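Each chain, letter by letter, is given below.
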Amino acid sequence: MSRRLARPWVRPAPSPPETVPAEAADERGIDMQGPRGQIKVEAEDVQVTFRRRGQEIEAVRDFSLAVREGEFLSIVGPSGCGKSTFLRLVAGLESPTSGQVRCDGKPIRGASADRGMAFQQYALFPWMTLAANVDFGPRMRRLPKAQRRERVERYIRLVGLTGFEDKYPHELSGGMQQRGSLARLFANDPSLLLMDEPLGALDAQTRVLLQEELMRVWEEFGTTVIFITHSIDEAAFLSDRVAVMTRRPGRIKEIIPVDLPRPRTFETRGTETFAKLEFEIGRSVREEVDALS
C-alpha cells in the first residue's frame, strides 16, 4: 500500500491569505501567494504555437505559474484562451514550443501514471463493471490482489457507490458515472490530478453535489489539483487560489486567493465573502471576454 493511502494527508486549518502586491511576484511572473510549501508544478515563460490549415495559432505566450504541493488551483478565462492547452502540457500530452513545464522539479517529457487526468466525458470503459474500472489502474501497476481489492472498495465507498460494484456504466446515471470516474482516478493514487471541466456536462443539482464529493475526497488525501472550469461559482467554491487567464494568446492575468474556511458546505455560497469573491473573479474574466468583442 502506498504511503498516501496508509497515512492520509490531513490538510491543516487554513490561515487567512496574505495580501501580496503585484510586485511580490518574482521576475518570471510567478505569483507567490497561496499555500506555502514545495512547488509541485511550475511553468516558466511557456509559449505554445500550433499550425492549423497552414496558419500558425499562438495558444499561450509568456505563461508562468507555480502550483504548490497539496493545493487546489482552478484556472478560468475566456473560451480558447489556452486553459486546456496548459493542462495537456502538464499531462505530457503536448510539448511547449518554448519555455519549460516541470513537475517535482523535473521537466515533463511525456505522460505518467502519477499525473491523473479527468475530462468532461466520463472516463469509464463501457465493457467493464464499475469495480473493474476502478481496479484498472492498480491492476496495470501489478499491485497485489488483496491491496487492489481494498483500494477498489475504499474508493467506491468514498464516492458513495457501494452496492453498484457489478453495474456497467450504461446502468448508472450521469452523476454516478462521474463519481465512478473520480473513484477510478483516485484509486491509481496519483500525486497530481488534472481536471478539464470534469463536471461541466452535469445538471446543476448533480454538479453541486459532486463538487462537495470531490472536495471531501480531496481534503482527505491532499492530492494536488489543477482544475479547469468555466464556472465562476465552481472555481470560488473548490479552490485555494483561482488563476485568471487573458484572452488568446493566454497568459496568467492575476491570481486570486480564496479566503474561505474549510470544510466548505452549501451554506458557504450564501456568505458575503463568497459573493465578493465570485464578483471579483467574474469581473476579471469579464474584462477579457469584453476585450474580444
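Residues numbered from 1 in each chain as written. Predicted model: local features only at pLDDT ≥ 70, side-chain atom pairs only at ≥ 80, totals over all residues. Heavy atoms only, no water.

### Focus: the packing of aromatic side chains
Enumeration over the complete set of coordinates arrives at 8 aromatic pairs. Taking 4.6 Å as the distance between ring centres and 35° as the angle between the ring planes, the aromatic pair formed by phenylalanine 63 and phenylalanine 86 counts as tilted. Linking phenylalanine 63 in strand β2 (residues 55–68) with phenylalanine 86 in helix α2 (residues 83–91), this pair joins segments that are 23 residues apart in sequence. Ring centres of tyrosine 155 and phenylalanine 221 lie 5.6 Å apart, and the angle between their planes is 35°; this geometry places the pair in the tilted category. You can see tyrosine 155 sitting in helix α4 (residues 145–158) and its partner phenylalanine 221 sitting in helix α6 (residues 204–221), a full 66 residues away along the chain. Neither tyrosine 155 nor phenylalanine 221 differs from the other in exposure class; each is buried. Here the aromatic residues Phe72, Trp218 and Phe227 are joined through ring pairs into a cluster of three or more. Across the ring face of phenylalanine 125, the terminal group of arginine 184 is positioned such that the distance to the ring centre comes to 4.3 Å. Between arginine 269 and the ring centre of phenylalanine 237, over which it is positioned, the NZ or CZ distance is 3.9 Å. (Phe/Tyr/Trp six-rings, centres within 6.5 Å; stacked < 30°, edge-to-face > 60°. Helix = DSSP H or I, 4+ residues; strand = E, 2+ residues; numbered from the N terminus. Buried < 20%, exposed > 50% of the residue type's maximum accessible area, 1.4 Å probe, protein only. Lys NZ or Arg CZ within 6 Å of the ring centre and 35° of its normal.)

### Focus on the sheet that holds strand β10 (residues 252–257)
The strand order across the open sheet built from 6 strands is β6-β7-β8-β3-β9-β10, with neighbouring strands paired in mixed fashion. Single-partner strands in this sheet number two, and they are β6 (115–118) and β10. When strand polarity is set aside, the average angle formed by the axes of neighbouring strands in this sheet is 15°. Alignment of strand β3 (residues 72–76) against strand β9 (residues 241–245), held across 4 bridges, turns out to be parallel. Bridge pairing links serine 74 to valine 242 in β9. (Pairing = 2+ DSSP bridges. Axes fitted to C-alpha atoms, helices over the stretch in contact; angles between N-to-C directions.)

### Regarding helix α8 (residues 272–292)
Compared with an ideal rise of 1.5 Å per residue, which puts 21 residues at 30 Å, α8 spans 31 Å between its outermost C-alpha atoms and is within 8% of the ideal. Along α8, the residues classified as buried are Phe274, Leu277, Ile281, Ser284, Val285 and Glu288. The buried residues of α8 occupy one face: seen down the axis, they fall within an arc of 110°. Of the exposed residues in α8, the ones pointing more than 90 degrees away from its buried face are Glu272, Lys276, Phe279 and Arg286. Here the buried face of α8 lies against β3, α7 (232–238), β9 and β10. (Expected span 1.5 Å × (residues − 1). Arc of directions from axis to C-beta. Contact = heavy atoms within 4.5 Å.)

### Comments concerning the confidence of the model for the chain
Chain-level pLDDT for the chain is 85 on average; 86% of the residues reach the 70-or-more range. Of the regions scoring below 50 in pLDDT, residues 1–36 engages in 61 contacts with residues more than four places distant in sequence or in other chains. (pLDDT = per-residue confidence, 0-100.)

### Observations concerning helix α5 (residues 174–187)
With 14 residues, α5 extends 20 Å from end C-alpha to end C-alpha; this agrees with the ideal 20 Å at 1.5 Å per step. The buried fraction of α5 amounts to 13 of the 14 residues, a majority that puts the element mostly inside the structure. Trailing α5 by a residue or two, aspartate 189 shows a phi angle of about 55°, which is positive.

### Notes on the environment of arginine 269
Assignment of secondary structure puts arginine 269 in the loop between β10 and α8. Arginine 269 sits 33 residues away from alanine 236 along the chain, and the two C-alpha atoms are 9.0 Å apart. Excluding its chain neighbours within four sequence positions, the residues that come into contact with arginine 269 are Val208, Gln211, Glu212, Asp233, Phe237 and Phe274.

### Considerations on the layout of surface pockets
Estimates place the volume of the second largest pocket at around 510 Å³. Contributing to the lining of the second largest pocket are 23 residues, with Gly116, Met117, Arg184, Leu185 and Asn188 lying nearest its centre. Of the residues forming the lining of the second largest pocket, the biggest block, 5 residues, is contributed by helix α3 (residues 130–140). Among the residues forming the lining of the second largest pocket, the class breakdown is 12 nonpolar, 8 polar and 3 charged. (1 Å grid on protein atoms, 1.4 Å probe; cavity = no way out; pocket = protein on both sides within 12 Å on 5 of 7 lines; lining within 4 Å. Points joined across faces, edges and corners; volume = space filled by probe spheres on them. Nonpolar A, V, L, I, M, F, W, Y, C, P; charged D, E, K, R; others polar.)

### Examining the nonpolar core
Residues Met195, Leu214 and Ile281 are the most contacted members of the largest nonpolar core, which totals 42 residues. Within the second largest apolar cluster, 29 residues are counted, among which are Val48, Leu192, Ile226 and Met245. (Core = buried A, V, L, I, M, F, W, Y, C linked by side-chain atoms within 4.5 Å.)

### Digging into the pairing of β2
Note that strand β1 (residues 39–52) and β2 share 10 bridges and pair antiparallel. Each residue of the ladder has a partner; that of threonine 49, found in β2, is glutamate 58. Linking β1 to β2, which pair antiparallel, is a turn of 2 residues; within it arginine 53 sits at a positive phi near 50°.

### A closer look at the pattern of salt bridges
Per the counting criterion, the structure on display carries 22 salt bridges. Residues arginine 262 and glutamate 219 are paired through a salt bridge, measuring 3.7 Å at the closest nitrogen-oxygen approach. Of this pair, arginine 262 sits in the loop between β10 and α8 while glutamate 219 sits in helix α6, placing them 43 residues apart in sequence. For arginine 262, a relative accessible area of 16% translates into the label buried. A salt bridge links arginine 286 to aspartate 290; the shortest N-O distance between them is 2.8 Å. (Salt bridge = Lys/Arg side-chain N within 4 Å of Asp/Glu carboxyl O.)

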